[in-house]
Amino acid sequence: MRVGGPQTWHVAGRHVAPLICYEVSLTWPILASMASRPDSILVIANAYWGSGTLMAEQARAYTRAWSRLFNLPAILAINT
């Protein structure tokens, strides 16, 4: 999230709300991104350092929840 800057990116002709790592579990980054009315949600996470934890499953659950709440398609990429 860029404080004071645009909260969305233009990728391949789409208006995307990117959430990086733990931002998917925070309310402010997603709400700030939704103000720009994106076409989709993009979540990029690195759970490699948290192997043996539920980090990857939590990222999936948060991504699915935000996607359903805002009725937007979501893409989730996790490095495990």
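Residues numbered from 1 in each chain as written. Predicted model: local features only at pLDDT ≥ 70, side-chain atom pairs only at ≥ 80, totals over all residues. Heavy atoms only, no water.

(A) Spatial organisation of the overall build of the protein. Scanning the protein from N- to C-terminus turns up 2 helices and 4 strands. On C-alpha atoms alone, the protein measures out to a radius of gyration of 12 Å, which is about the 12 Å that the 2.2 N^0.38 rule sets for 80 residues. Taking all contacts inside the protein whose residues are at least 6 apart in sequence as the whole, residues at least 24 apart take part in 58%. Working note: accessible area of the protein is about 5,300 Å², and carbon and sulfur atoms make up 59% of it. (Helix = DSSP H or I, 4+ residues; strand = E, 2+ residues; numbered from the N terminus. Rg over C-alpha atoms; globule rule 2.2 N^0.38 Å. Contact = heavy atoms within 4.5 Å. Areas by Shrake-Rupley, 256 points an atom, 1.4 Å probe, with all protein chains shown as cover.)

(B) Seen up close, the confidence of the model for the protein. For the protein, per-residue confidence averages 88 on the pLDDT scale, and 92% of positions sit at 70 or higher. The least confident element of the protein, judged by mean pLDDT, is strand β1 (residues 9-11) at 86; the most confident is helix α2 (residues 55-70) at 94. (pLDDT = per-residue confidence, 0-100.)

(C) Fine view of unusual backbone geometry. Non-glycine residue C21 carries a positive phi angle of around 55°. Along the chain, C21 turns up in the loop between β2 (14-20) and α1 (27-34). On the accessibility criterion, C21 (26% relative accessible area) is partly exposed. Notably, R37 is not glycine yet its phi reads approximately 50°, a positive angle. (Buried < 20%, exposed > 50% of the residue type's maximum accessible area, 1.4 Å probe, protein only.)

(D) Just the pairing of strand β3 (residues 40-46), in detail. Where burial is concerned, most of β3 is hidden: 5 out of the 7 residues are buried. Bridging between β2 and β3 involves 5 bridges; their strand directions are parallel. The residue of β3 that forms the bridge with L19 is V43. In this fold, the crossover linking β2 to β3 by way of α1 has right-handed handedness. Inspection of the sheet shows β3 paired to strand β4 (residues 74-79) by 6 bridges, in the parallel sense. Within β4, the residue paired with N46 across the bridge is N79. For the segment spanning β3, α2 and β4, crossover handedness is right-handed. (Pairing = 2+ DSSP bridges. Right-handed = clockwise from strand over helix to strand, strands pointing away.)

(E) The arrangement of the packing of aromatic side chains in detail. Counted under the stated rule, the structure contains 1 aromatic pair. When the ring of W66 is compared with that of F70, the centres are 6.0 Å apart and the planes differ by 20°; the resulting orientation is stacked. Of the two residues, W66 and F70 are both situated in helix α2; the distance of 4 residues between them amounts to about one turn of the helix. (Phe/Tyr/Trp six-rings, centres within 6.5 Å; stacked < 30°, edge-to-face > 60°.)

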